Amino acid sequence: MQKTHTHGQWTSRMGFVLAATGSAVGLGNIWKFPYMIGQSGGAAFVLVYLLCIALIGLPILVAEWMIGRRGQKNPISTMGELAKKNGRSGAWALIGFTGVLGAFLILSFYSVIGGWALSYTGDAITGGFTGMDKDAVGNAFTGFLANAGSLLTWHTVFMALTVGVVAMGVAGGLERASKLLMPSLGVLLFILVGYGMTTGGFGQAMAYLFNPDWSKLTGDVVLAALGHAFFTLSLGMGIMMAYGSYLGEDVDLLRTARTVVIMDTVIAIAAGLAIFPIVFANGLDPAAGPGLIFVTLPIAFGNITGGVILGTLFFVLLTFAALTSAISLLEPVVELVEERTPLSRAGATFVAGIATWALGIAALLSFNHWSDVTIIGLNIFDLLDQLTSKFMLPLTGLGAILFAAWCLDRDSVRKELGLGELGFSVWNVVARFVAPVGVLIVFVSNL
Ligand code: PHE
């Protein structure tokens, strides 16, 4: 049976920017980035991360879009067919495969955290944070994690929402909603940064984020920064490739990539500036791990005027940001199941959703009943996270940039990038050498 794509091209450049930003901006920026800074000891991580975003993330983002726009299929077929067309081995399709697998693994634990955001939305609406101090907030979170049933409920609700949206096709409504909700999230974060300034911990937070102690810079910290650059820009998963396949010829890739990268980075830094003043003002541990935003921000919401409204808004927007990313994570898996099996789009979405949900259960049990279950020293949640961020994403992204820089025909690439002689030379140096060598060095130095 011949199947046609269920969604056509983006209606406009704006629609595309929103969808790409929707995928990029998510829990990675607001939940993960701050706690990784904390675990990695601060500014040295932040600076390496920014370097990775500019020198490796941005070119790979462009490379993935470029490949997707030419291939016009799911990432596996796209890579395989483009490779053959350019006289290369069909084995390049493997890059598409590891990408889809990565998306599946990430969504399983991502949905668990999306569930936390949902649950905290409920607490915020009912005024549950009012008057809470750091101990109350911390105990509430510990109690929440210990309760597997409640984690499972919220993980299930979040996954159901994701499946629902994907099954209906990425509806115009979602695109339109993003236009309003994403900027609102940005504004709210800046309000929280404003609160941070009043806590007395702001100066310490600034120093922690921007004044590096280079002795903290280990190989593992660099690898974490690199991995997070991929995670936060949704790279190395075939997602941006898939988005590129719906992209019109007239869109300027470099300019668009710059817009997406800047928005993503600003949101992440704002999250750091909102959270760390609260950490220091309350004597909390910056290295608390994945719970960091859940044990810091409620303190702010519990103690500022309008905290109930602001807290509710914040967690609603966080959930929304998580959902727009989760949708993008499910999409490549669904696309693959749909094209390779007789299932309809709805059927494929359901199957992909159930499989991801089931793996997510193993991830959420890491916080309670299975906290002792470890594989190579990591619990299941950490294993899923680290395996994808530190290995699968960078290696898949490396494949994508090598392919775009070395295998695609140069003249058309140059036209596509809209670059002059000099600009194109710079692109070539970065795409052929700087980005791939950067990824390789980080890897080899870690082995
Ligand atoms: N970039 C998203 C975030 O930062 C997460 C994500 C990763 C989404 C990979 C899609 C693909 O939250």
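Our subject is the structure listed above.
Quantities reported herein were computed from a predicted structural model and do not represent experimental measurements. (Residues numbered from 1 in each chain as written. Predicted model: local features only at pLDDT ≥ 70, side-chain atom pairs only at ≥ 80, totals over all residues. Heavy atoms only, no water.)

Moving on, we get to the environment of G236. Relative to the helices and strands, G236 resides in the loop between α10 (219–232) and α11 (239–244). A relative accessible area of 1% means that G236 is categorised as buried. Separated by 183 residues in sequence, G236 and I53 place their C-alpha atoms 13 Å apart. Those residues in contact with G236 that sit more than four places away from it in its chain are E64, G99, F230, M392, L393, T396 and G397. (Helix = DSSP H or I, 4+ residues; strand = E, 2+ residues; numbered from the N terminus. Buried < 20%, exposed > 50% of the residue type's maximum accessible area, 1.4 Å probe, protein only. Contact = heavy atoms within 4.5 Å.)

Applying the stated rule across the entire model yields eight salt bridges. Residues R69 and E416 are paired through a salt bridge, measuring 3.1 Å at the closest nitrogen-oxygen approach. Of this pair, R69 sits in helix α3 (residues 43–71) while E416 is found in helix α17 (residues 410–417), placing the two residues 347 residues apart along the sequence. Taken as a pair, R69 and E416 share a single burial class, namely buried. Residues joined in a network through salt bridges with shared partners are R69, R70 and E416. (Salt bridge = Lys/Arg side-chain N within 4 Å of Asp/Glu carboxyl O.)

Taken together, the side chains of L51, L55, W406, V429, F433, V434, V437 and I441 present a nonpolar region at the surface, about 700 Å² in accessible area. Looking at the nonpolar patch, the elements that each hand over two or more residues are α3 and α18 (421–446). Ranked by residue count, the leading element in the nonpolar patch is α18, at five residues. One can find L55 in helix α3. L55 gets classed as partly exposed once you look at its relative accessible area, which sits at 37%. (Patch = residues over 30% accessible without salt bridge, like charges linked within 9 Å, V, L, I, M, F, W, Y side chains within 5 Å. Areas by Shrake-Rupley, 256 points an atom, 1.4 Å probe, with all protein chains shown as cover.)

Moving on: the packing of aromatic side chains. With the rule as written, the count across this model stands at 28 aromatic pairs. With a centroid separation of 4.9 Å and 65° between ring planes, the pair formed by F16 and W65 is classed as edge-to-face. Here F16 is found in helix α1 (residues 13–24), whereas its partner W65 is found in helix α3, with 49 residues between them in sequence. For F16, a relative accessible area of 0% gives the class buried. Aromatic side chains F301 and F314 sit 5.7 Å apart centroid to centroid with 40° between the ring planes, which places their arrangement in the tilted category. Placement of the pair is F301 in helix α13 (residues 292–303) and F314 in helix α14 (residues 307–340), with a sequence separation of 13 residues. We note that F301, like F314, is buried. (Phe/Tyr/Trp six-rings, centres within 6.5 Å; stacked < 30°, edge-to-face > 60°.)

Bringing the site of the ligand into the picture now. Taken together, 15 residues surround the ligand, and among them A24, G28, Y110, F231 and M237 come closest. Between A24 and the ligand, the recorded distance is 2.9 Å, taken from a backbone N or O atom to an oxygen atom. F231 is positioned such that a nitrogen or oxygen atom in its backbone is 2.8 Å from a nitrogen atom of the ligand. The protein chains hide 100% of the 320 Å² of surface that the ligand would expose on its own. (Near = heavy atom within 4 Å. Polar contact = N/O pair within 3.5 Å; in protein donor to acceptor, adjacent residues only side chain to side chain.)

Without other data, these values stay purely geometric and don't point to any function.
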